[in-house]
Amino acid sequence: MNGNGQIHVNRCDFGVKMTENKELLRIEGLRKDFGTLQVLKDISLSVGQSKKVALIGPSGSGKTTLLRCINHLESPTGGHIYLDGDLIGEEKRGVRYVRSSAARLARQRLDMGFVFQNFYLWPHLTVQENVALCPWKVQGKSQKEAMDLAEAMLEKVHMAHKRKEYPERLSGGQQQRVGIARALAQQPKIILFDEPTSALDPELVGEVLGVIQELAAEGRSMVLVTHEIRFARDVADEVVFMDGGLVVEKGAPADVIDNPSNERTIRFLGQLRG
Amino acid sequence: MEQFGDLFTRSASHLEVLLQGAGVTVMITLGSFVMAVTIGLVLAVARTWKIRPLNALIAIYVEVFRGLPTLTLLFICYFGLTYVGIKLNPLPAAIIGLGLSGGAYCTEIFRSGISALHHGQREAAAAIGMTPMRAMRFVILPQALRITLPPLGNYAIGLIKDTAVASAVAAPEILFRARNLSTETFDTALIYLLVAVLYLVMTFPLARWVDHLEKKRKAWQ
Amino acid sequence: MMEYLDQFAAFLSVYPAKLPQWEGVLIRAIKTTLIVTAGSFAVALVIGVLLALARLSKNALLRGIARFYIEIARGVPALVILFLLYFGLPPLGIVMDAVPTAILGLGLSTGGYVAEIIRAGIEATHKGQREAGLTIGMSSWQINRYIILPQAARISLPSLMNTLITVLKDSSLASLITAPELMLRAKAISSTDFLPMHILLLVGAIYLCLAIPLSQLSRLLERRMFSKLGNRM
Ligand SMILES: Nc1ncnc2c1ncn2[C@@H]1O[C@H](COP(=O)(O)OP(=O)(O)OP(=O)(O)O)[C@@H](O)[C@H]1O
Ligand SMILES: [Mg+2]
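Please read these numbers as outputs of a predicted model, since none were measured by experiment.

A. Representation of the overall build of chain A in the model. When helices and strands are counted, chain A shows 11 helices and 12 strands. Over its C-alpha trace chain A gives a radius of gyration of 19 Å, about what one expects of a compact globule, namely 19 Å for 274 residues. Of the contacts formed within chain A by residues at least 6 apart in sequence, a portion of 64% connects residues at least 24 apart. On chain A, roughly 12200 Å² of surface is accessible, and the fraction owed to carbon and sulfur atoms is 47%. Averaging the coordinates of the 36 positive side-chain charges in chain A and doing the same for the 35 negative ones gives two points 5 Å apart.

This is the structure we're talking about:
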């Protein structure tokens, strides 16, 4: 089904412009229940190659759950996720979808970097080892190659000078930048950020947003859950406003943030501005 | 069928002997438990007086008696003391040996129970005009006891198991009877399996109780 | 007072005469004690890690088996397990020497404790760390191997050291199934030389010399860990 469209797009995909229009991530009719609680009700979204999508919405609206469903940290109750035309976490057998093997899912997750709100660096490994673990142990590079790659990634987030430190010796902002380097080291097609600055002291937010902005400028594809509305407007190609497990409004930042049409969006943005 | 019937009668007749041993096991357990808790409480409280030489002695007692194998202690009580003219019967020897090593454990258990309480509590008690003695009696110890119940329960479980060592000094407890029984009947595997079950039956309720306490404490934190 | 001192001197005066006689036997016995201790601790570690992983697995059968095992190991004396293996198995056609039997029996019995210690260590690592492992494409085996177990080992280290001390002490039980370790030799010497107190105190001192450094080390590790956790919070 998706395959046909994909082939068609690829066929006339000559110039740079066309590549940019290529669809990278597609979320189709995603639903997620926790027991009787419907957290995601019916979400469909599409993220193009090199696009940055900012996901905003009130607390409890299901943003984190959506992000976690994309790489199957939570298995969706319904709906499907495609990355680069590849069905994530499932395989289609005739008309039925069956859960794919853990090994296959693990391989697919390599294509999606994930940056956690609370960093979740591994405290027993140095900064460099944290970043090198994926290329070394998962992708099977040599230790030297992996460590070199890690150093390069740390360079990108301006943390190379701390590569020998253990995470507990770093500030929150530094830890989060290492978290970003760790995601970069797996060379993902897309990076999913879950409120990367929410756990930080206000004075540390800037350094992390700066790094994300640099990555955005490199043309990386990303989905960014954030409460930093101004940053979302500056960086995102598209802003998606979620509430109550539904996409309420989406569009260009100028439209959604500066001229919201939906009443719930207006109220949410109003509250944020105080 | 017949085999099972045979197994059943054999088990029944073994159990009759083993259960007599269980009575002795319980006696040894209770005796040494009381002794250990008494030693532990006294020494743990004495430690809080902060008398240097006394604390050093207590520390030595704890190190030595925790570091010695129970079997060595029992042998010292049973065989060794004859050198100084003390001839203990197996049962008292077992109780004293287990009680002395248990005392060292209990001292540690109560010590950490007492030190887990914030010293603010002691000061608060002083602030409302309690003497240190009364603060200990009414504020510190009751709370320390509650904190120490799970480790004490675990100690008691360990103690029941440790009483098996008393068979080596011929105290007529479960394992001792089992050894005699197996040399008489050659039904070794069955007898020791029954022994294992007997110990499980004795420790099981305690284990459940400790788990319950620990769950409660986790929920409380 | 003087009288007691004299007696004490008389007590001590036996050692210079007897020590050369005992030395060779005791040194061999210490070796056996250490072999039994190290062997059963190694067996317990392997069993403990496997049980802890089983206990936390998604598979209900594995969890059940692990719980059952741990419950039994918690309630049955090590000595009973030793007797069961050493005296109970030969009639069924399985014969093992005393030392391997002791290593196996003590290992089986201690494995349950080790499992609970490691499980506590595993549970102390935050679930987010496991998820971070998933997002970089690790399999659950790799996550256990590179992320969870190294940390669990570090967290459990002080408790594991204490378990090692317990195993050292429990190795004395091997004498009751005739493994030629310290206590067996002590008992033999005390019945041939009629000096039970002398040999028992000596052997006791040997156990202490082996155990006390271990317990100091465990305390040091514990203190270091507390201060480290303090930094993190
Ligand atoms: N594992 C879970 N089990 C049960 N309920 C959950 C679980 N995870 C999330 N929820 C519920 O789902 C709802 C959405 O949670 P989610 O974390 O996705 O919101 P969010 O939009 O990320 O909020 P925030 O801005 O506070 O991070 C909440 O009501 C939450 O309580
Ligand atoms: Mg969230």
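Now that the structure has been shown, the text picks up again.
B. How the structure looks around the packing of helix H5 (residues 127–135) of chain C against helix H6 (residues 140–170) of chain C. All names here are of chain C. Where H5 meets H6, the axes come as close as 10 Å, and the angle between the chain directions of the two elements is 160°. Classified by the interaxial angle, the pair formed by H5 and H6 is roughly antiparallel. Crossing geometry of H5 relative to H6 is assigned as right-handed. Mapping the contact onto sequence places Gln129, Arg130, Gly133 and Leu134 in H5 and Ile143, Asn144, Ile147, Ile148 and Gln151 in H6. Considered class by class, the residues forming the contact of H5 with H6 number 4 nonpolar, 4 polar and 1 charged.

C. View of the pattern of salt bridges. This structure, assessed with the given rule, holds 28 salt bridges over all chains. Where Asp84 of chain A meets Lys189 of chain A, a salt bridge forms, and the shortest distance between an N and an O atom there is 3.1 Å. Residue Asp84 of chain A is located in the loop between strand S4 (78–83) and strand S5 (86–87), and its partner Lys189 of chain A is located in the loop between helix H7 (172–185) and strand S9 (190–194); the two are separated by 105 residues in the primary sequence. The partner of Asp211 of chain B in a salt bridge is Arg74 of chain C, with the nearest N and O atoms 3.2 Å apart. On the criterion of chain membership, the pair formed by Asp211 of chain B in helix H8 (residues 188–220) and Arg74 of chain C in helix H2 (residues 60–75) is interchain, its members lying in two chains. With a relative accessible area of 24%, Asp211 of chain B lands in the partly exposed category. The structure contains a network of salt bridges with shared partners spanning Lys22, Asp84, Asp111 and Lys189 of chain A.

D. Layout of the packing of helix H1 (residues 2–55) of chain C against helix H7 (residues 182–193) of chain C. All names here are of chain C. In contact at an axis separation of 8 Å, H1 and H7 are set at 155° when each is read in the N-to-C sense. On the basis of the axis angle, H1 is roughly antiparallel to H7. Of H7, the residues touching H1 (which contributes Lys18, Gln21, Trp22, Val25, Leu26, Ala29, Ile30 and Thr33) are Leu182, Arg185, Ile189 and Asp193. Across the contact of H1 with H7, the residue classes break down as 7 nonpolar, 2 polar and 3 charged.

E. Layout of the layout of surface pockets. Taken as a whole, the second largest pocket spans an internal volume of roughly 1100 Å³. Contributing to the lining of the second largest pocket are 32 residues, with Lys58, Arg130, Leu134, Ser140 and Ile143 of chain C lying nearest its centre. The set of elements that each furnish at least two residues to the lining of the second largest pocket consists of helix H4 (102–109) of chain A together with helix H4 (98–124), H5 and H6 of chain C. Considering only residue class, the lining of the second largest pocket consists of 11 nonpolar, 12 polar and 9 charged.

F. Just the interface of chain C and chain B, in detail. Each partner contributes residues to the interface: chain C has 37 residues there, and chain B has 40 residues. Buried area between chain C and chain B, both sides added, is near 3300 Å², and the carbon and sulfur share of it is 71%. Three residues stand out in chain C for area buried against chain B, namely Arg74, Lys169 and Met197 of chain C, and they jointly supply 18% of the buried area on that side. Viewed at the interface, chain B and chain C are joined by 2 salt bridges. One can count 10 residue pairs in polar contact (both at pLDDT 80 or more) joining chain C with chain B. Listing elements by their share of the side of chain C that touches chain B, those giving two or more residues are H2, helix H3 (78–88), H7 and helix H8 (196–232) of chain C. When residues of the side of chain C that touches chain B are assigned to their parent elements, the largest contribution, 13 residues, is made by H8 of chain C. Broken down by class, the residue content of the side of chain C that touches chain B amounts to 24 nonpolar, 8 polar and 5 charged.

G. Representation of the sheet that holds strand S11 (residues 238–243) of chain A in the model. All names here are of chain A. A sheet is described by the order of its strands in space; here 6 strands give the open sequence S8-S9-S10-S3-S11-S12, paired in mixed fashion. The sheet is open, and its two edges are formed by strand S8 (112–115) and strand S12 (246–251), each paired on a single side. For this sheet, the mean angle separating the axes of adjacent strands, direction not counted, is 15°. Sheet topology places S8 next to S9; 4 bridges connect them, and they run parallel. In the sheet register, Met112 faces S9, and the bridge partner there is Ile190. The sheet strands contacting H7 are S8 and S9, and the helix crosses S8 at an angle near 170°.

H. Spatial organisation of the UniProt feature "domain: ABC transmembrane type-1" (unreviewed entry) in chain C. Residues given the UniProt feature "domain: ABC transmembrane type-1" (unreviewed entry) here are residues 30–218 of chain C. Along residues 30–218 of chain C one finds 82% helix and 0% strand; the C-alpha atoms at either end are 22 Å apart.

I. Structural context of the site of ligand 1. Residues and elements named next belong to chain A. Taken together, the neighbourhood of ligand 1 is formed by 13 residues, with Ser59, Gly60, Lys63, Thr64 and Thr65 sitting nearest. The separation between an oxygen atom of ligand 1 and a polar side-chain atom of Ser59 is 2.5 Å. Computed on the free molecule, ligand 1 has an accessible area of 640 Å², of which 60% lies beneath the protein chains in the complex. When residues of the shell around ligand 1 are traced back to their parent elements, those giving at least two are strand S2 (37–48) and helix H3 (63–70). For the shell around ligand 1, the element with the highest residue contribution is H3, accounting for 3 residues.

J. Quick peek at the arrangement of the chains. Contacts are most numerous between chains B and C, considering all 2 pairs of chains that are in contact. Nowhere do chain A and chain B come into contact; their C-alpha atoms are at least 23 Å apart.

K. Spotlight on the nonpolar core. Among the nonpolar cores identified, the biggest contains 92 residues, and Leu175 and Val195 of chain B are the most heavily contacted of them. Among the elements that take part in this core, helix H6 (residues 132–162) of chain B stands out by supplying 9 residues, more than any other. Contacts of Leu175 of chain B, omitting those with residues within four sequence positions, involve Ala164, Ser167, Tyr192, Val195 and Tyr199 of chain B together with Leu79, Val80 and Phe83 of chain C. Core analysis: the next-biggest nonpolar cluster, separate from the first, contains 54 residues, Ile43, Cys69, Leu105 and Met242 of chain A among them.

Cut-offs applied
Residues numbered from 1 in each chain as written. Chains lettered and ligands numbered in written order. Predicted model: local features only at pLDDT ≥ 70, side-chain atom pairs only at ≥ 80, totals over all residues. Heavy atoms only, no water. Helix = DSSP H or I, 4+ residues; strand = E, 2+ residues; numbered from the N terminus. Rg over C-alpha atoms; globule rule 2.2 N^0.38 Å. Contact = heavy atoms within 4.5 Å. Areas by Shrake-Rupley, 256 points an atom, 1.4 Å probe, with all protein chains shown as cover. Lys, Arg positive; Asp, Glu negative; His and termini not counted. Charge placed at Lys NZ, Arg CZ, Asp CG, Glu CD. Axes fitted to C-alpha atoms, helices over the stretch in contact; angles between N-to-C directions. Parallel < 35°, antiparallel > 145°, perpendicular 65-115°, else oblique. Left-handed = near helix turned anticlockwise from the far one by under 90°. Nonpolar A, V, L, I, M, F, W, Y, C, P; charged D, E, K, R; others polar. Salt bridge = Lys/Arg side-chain N within 4 Å of Asp/Glu carboxyl O. Buried < 20%, exposed > 50% of the residue type's maximum accessible area, 1.4 Å probe, protein only. 1 Å grid on protein atoms, 1.4 Å probe; cavity = no way out; pocket = protein on both sides within 12 Å on 5 of 7 lines; lining within 4 Å. Points joined across faces, edges and corners; volume = space filled by probe spheres on them. Buried area = accessible area lost by both parts, 1.4 Å probe. Polar contact = N/O pair within 3.5 Å; in protein donor to acceptor, adjacent residues only side chain to side chain. Pairing = 2+ DSSP bridges. UniProt positions renumbered as here; feature names shortened; annotations may be inferred. Near = heavy atom within 4 Å. Core = buried A, V, L, I, M, F, W, Y, C linked by side-chain atoms within 4.5 Å.

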